[in-house]
Amino acid sequence: DNMVQDILDEHQEIHRYFQTLYDQDNLSDHLDRLGRALETHVRKEEREFFPLIQEHCQEDTLKLIERTLSHH
């Protein structure tokens, strides 16, 4: 549950970076922070979150997740 909340919080943070992209006095620094947030987030998903999903979900649940995501 904590991991899911962390992932959702990071999605919101990254979304805010994109929303405020054109409001920055120092675009270079802003893009650097955005890039670092994206890199950290993707690594967490790949190395921690996705393996947890695979470990704890049954095959039918994984297939449902796959079908749901393939439509987005």
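A quick note: this is a predicted structure, and the numbers were derived from the prediction, not measured.

Caption draft 1: Region of the structure containing the side chain of E10. Tracing the backbone through its elements, the reader meets E10 in helix α1 (residues 2-19). Its relative accessible area of 14% is what places E10 among the buried residues. Setting aside chain neighbours within four positions, we find E10 in contact with H41 and K44.

Caption draft 2: Expanded view of the packing of aromatic side chains. Within this structure, the stated rule accounts for one aromatic pair. Ring centres 6.0 Å apart and planes at 45 degrees place the aromatic pair F49 and F50 in the tilted group. F50 gets classed as partly exposed once you look at its relative accessible area, which sits at 37%.

Caption draft 3: Expanded view of the packing of α1 against helix α2 (residues 27-56). Remark: α1 packs on α2, axes separated minimally by 10 Å, with the N-to-C direction vectors making an angle of 155 degrees. Between α1 and α2, the crossing angle belongs to the class labelled roughly antiparallel. You can see that α1 and α2 cross each other, and the crossing is left-handed. Listed contacts from α2 to M3, V4, D6, I7, E10, H11, I14, Y17 and F18 of α1 are H30, R33, L34, A37, L38, H41, K44, E45, E48, F49 and L52. The residue makeup of the contact of α1 with α2, split by class, is 11 nonpolar, three polar and six charged.

Rules used in this analysis
Residues numbered from 1 in each chain as written. Predicted model: local features only at pLDDT ≥ 70, side-chain atom pairs only at ≥ 80, totals over all residues. Heavy atoms only, no water. Helix = DSSP H or I, 4+ residues; strand = E, 2+ residues; numbered from the N terminus. Buried < 20%, exposed > 50% of the residue type's maximum accessible area, 1.4 Å probe, protein only. Contact = heavy atoms within 4.5 Å. Phe/Tyr/Trp six-rings, centres within 6.5 Å; stacked < 30°, edge-to-face > 60°. Axes fitted to C-alpha atoms, helices over the stretch in contact; angles between N-to-C directions. Parallel < 35°, antiparallel > 145°, perpendicular 65-115°, else oblique. Left-handed = near helix turned anticlockwise from the far one by under 90°. Nonpolar A, V, L, I, M, F, W, Y, C, P; charged D, E, K, R; others polar.

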